[in-house]
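# Tertiary structure, described
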Amino acid sequence: KKKRAEMRKRRNRKKQPDPQEDHEHDHNHDDHDDAQQSPPPAPPTSTSGAKRKRDQKDKEEDASASQVATVQIPEGLGGKEARKFRKDARRKARAEGKDESSIRFVDANGKEIDANNKNATPKDQDDADSDNEGESSASQHPPQQKKKKKQKPKRSFPRINDMLKAHEEEQKRQKEIKSRPPVPEEEQQKYVALDCEMVGIGAGGKQSALARVSMTDWNHTVLLDTFVQVPDRVTDFRTHVSGVRAADIKAKNDAAMELHACRLKVGEMLRNRVLVGHALKNDLSALMLDHPKADIRDTARYRPFMRPSGRGGGKMRPRKLRDLVKQHLDLDIQVAGEAHCSIDDAQATMKLYQFAKDEWDKDLASKKKGGKIHRMK
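Residues numbered from 1 in each chain as written. Predicted model: local features only at pLDDT ≥ 70, side-chain atom pairs only at ≥ 80, totals over all residues. Heavy atoms only, no water.

### Some thoughts on the nonpolar core
By size, the foremost hydrophobic cluster in this structure holds 21 residues, and its most contacted members are Tyr191 and Phe305. Counting residues per element, the ones that place at least two in this core are strand E3 (191-201), strand E8 (274-277), helix H12 (321-329) and helix H13 (342-369). Among the nonpolar cores identified, the runner-up in size contains 20 residues, and Val192, Val213, Leu275 and Ala286 belong to it. (Core = buried A, V, L, I, M, F, W, Y, C linked by side-chain atoms within 4.5 Å. Buried < 20%, exposed > 50% of the residue type's maximum accessible area, 1.4 Å probe, protein only. Helix = DSSP H or I, 4+ residues; strand = E, 2+ residues; numbered from the N terminus.)

What follows is the structure, given as structure tokens:
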């Protein structure tokens, strides 16, 4: 019996080396047969084994996420289109739970486009800056840029030489004006200056209607200054510019002329006269009057008083009356924050014409002869 038991013990050791089971075989042969027929008990699970599995799973996810995805940029895309393509690829990667920094962009030739490289072209660097803009949810934050110090604006002072030069030019101009031969009184009576103020009518007040008329003579004496009744409903008085108020143009106001009577009076005063003004097309349109082109002296259309639309030349554009008077006469009109005065504007246009009269008349004479236009220096 002892020999049989030892033989059985050896066989069991070879099949399954279990010390607990061998101990049972030594005491009971029948119990060993039952234990051999029944399945072995499952090993107990430990917390350390579950932790190992989780760590292994996390490593696999990190390895899959860290895999570099190569995306080819289609050929023929411009700068903006290529940037949009890269942005869309990064958004798609974020939506799929992937790391967008692992995307590798290549061109049609398979060459990698690394916009973050120092040797990258300025265009690529611009692309990188625009791609990273607004992507605060990315796992890697871009390095913070150094704050630039705000430079204080340099105070500009007039140079002494410039001031002296401007003073000399002003003295020359005054001498030239005084040295001009006086204009005969008969010729002076031919010139009148006109300026009108308008109010807005219609939807939004965009359509202009006559509200005030002022006329002066050669010596800047006021010939006419009156408000005009507006038959239509005024939607914008433009008081901050025109200085006209509702009470000035009411029908009950005896000082305001009726529109038809005002037109007749102005037309009578302009007969056989040379009309001086600034942007006279608007004034004559509001008065619904015409005047011979040869008898118009418009400071807005006089070429030496105009400026080109571009830096290198182009179509000539009219300048503001305020700027012309300040430049050539050193006078201040239409001050900011104050309403315009049609009398001041009419007198200023007459002074501006008197300043350029000699050269203006030469230009007109050369035009009649078909010669070149003489420009002011």
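That was the structure; now back to the text.
### Examining the packing of H12 against H13
Running from N to C, H12 and H13 cross one another at 45 degrees; their axes reach a closest spacing of 10 Å. It follows that H12 is oblique to H13 by the angle criterion. Crossing angle aside, the handedness with which H12 passes H13 is left-handed. When H12 is examined against H13, the residues Leu321, Leu324, Val325, His328 and Leu329 are found in contact with a partner set consisting of Asp345, Ala348, Thr349, Lys351, Leu352 and Phe355. Broken down by class, the residue content of the contact of H12 with H13 amounts to seven nonpolar, two polar and two charged. (Axes fitted to C-alpha atoms, helices over the stretch in contact; angles between N-to-C directions. Parallel < 35°, antiparallel > 145°, perpendicular 65-115°, else oblique. Left-handed = near helix turned anticlockwise from the far one by under 90°. Contact = heavy atoms within 4.5 Å. Nonpolar A, V, L, I, M, F, W, Y, C, P; charged D, E, K, R; others polar.)

### Points about the packing of aromatic side chains
Under the defined criterion, the tally for this structure stands at six aromatic pairs. Between Tyr191 and Tyr353, the ring centres sit 5.4 Å apart and the planes meet at 40 degrees, which makes this aromatic pair tilted. Separated by 162 residues along the polypeptide, Tyr191 in strand E3 and Tyr353 in helix H13 bring together distant segments of the chain. Ring centres of Tyr353 and Trp360 lie 5.3 Å apart, and the angle between their planes is 70 degrees; this geometry places the pair in the edge-to-face category. The two residues Tyr353 and Trp360 agree in class, both being buried. Taken together, the aromatic side chains of Tyr191, Trp218, Tyr302, Phe305, Tyr353 and Trp360 make up a single cluster linked through ring pairs. (Phe/Tyr/Trp six-rings, centres within 6.5 Å; stacked < 30°, edge-to-face > 60°.)

### Notes on the pairing of strand E10 (residues 307-310)
Strand direction decides the pairing type here: E10 and strand E11 (residues 313-317), joined by three bridges, are antiparallel. In the strand pairing of E11, Gly310 is matched with Gly313. Hairpin connection, E10 to E11: the antiparallel pair is bridged by two residues. (Pairing = 2+ DSSP bridges.)

### A short note on the confidence of the model for the chain
Looking at the chain as a whole, its pLDDT mean stands at 78, while 74% of the residues score no less than 70. The model gives residues 29-36 a pLDDT under 50, and that stretch makes seven contacts with residues more than four places away or in other chains. Below pLDDT 50 for its whole length, residues 372-377 participates in 15 contacts with residues either more than four positions away or in separate chains. (pLDDT = per-residue confidence, 0-100.)

### Some words on the pairing of strand E5 (residues 222-228)
Where strand E4 (residues 207-217) lies against E5, five bridges are found, and the strand directions are antiparallel. Among the inter-strand pairings, Met215 is bridged to a residue of E5, identified as Leu224. What sits between E4 and E5 in their antiparallel hairpin is a turn of four residues, with His220 showing a positive phi close to 70 degrees. Examined bridge by bridge, E5 and strand E7 (residues 256-257) share two bridges and lie parallel to one another. The partner of Val228 across the bridge, within E7, is Met257.

### So, the pattern of salt bridges
Opposite charge on two side chains makes pairing possible when the charged atoms of those side chains draw close. Tallying each qualifying case throughout the model produces nine salt bridges. A salt bridge links Asp88 to Arg91, with the nearest nitrogen and oxygen atoms 3.0 Å apart. Of the two residues, Asp88 and Arg91 are both situated in helix H5 (residues 79-95); the distance of three residues between them amounts to about one turn of the helix. According to the relative accessible area criterion, Arg91 is partly exposed, its value standing at 45%. The salt bridge involving Asp361 is made with Lys357; its shortest N-O contact spans 2.9 Å. With a gap of four residues between them, Asp361 and Lys357 both fall in helix H13, about one helical turn apart. Classification of Lys357 as buried rests on a relative accessible area of 8%. Several salt bridges share partner residues, and in doing so they unite Lys84, Asp88 and Arg91 into one network. (Salt bridge = Lys/Arg side-chain N within 4 Å of Asp/Glu carboxyl O.)

### Let's talk about a nonpolar patch on the surface
On the surface, Ile160, Met163 and Leu164 cluster together into a nonpolar patch covering about 320 Å² of accessible area. The residue Met163 is located in helix H7 (residues 160-179) in this model. (Patch = residues over 30% accessible without salt bridge, like charges linked within 9 Å, V, L, I, M, F, W, Y side chains within 5 Å. Areas by Shrake-Rupley, 256 points an atom, 1.4 Å probe, with all protein chains shown as cover.)

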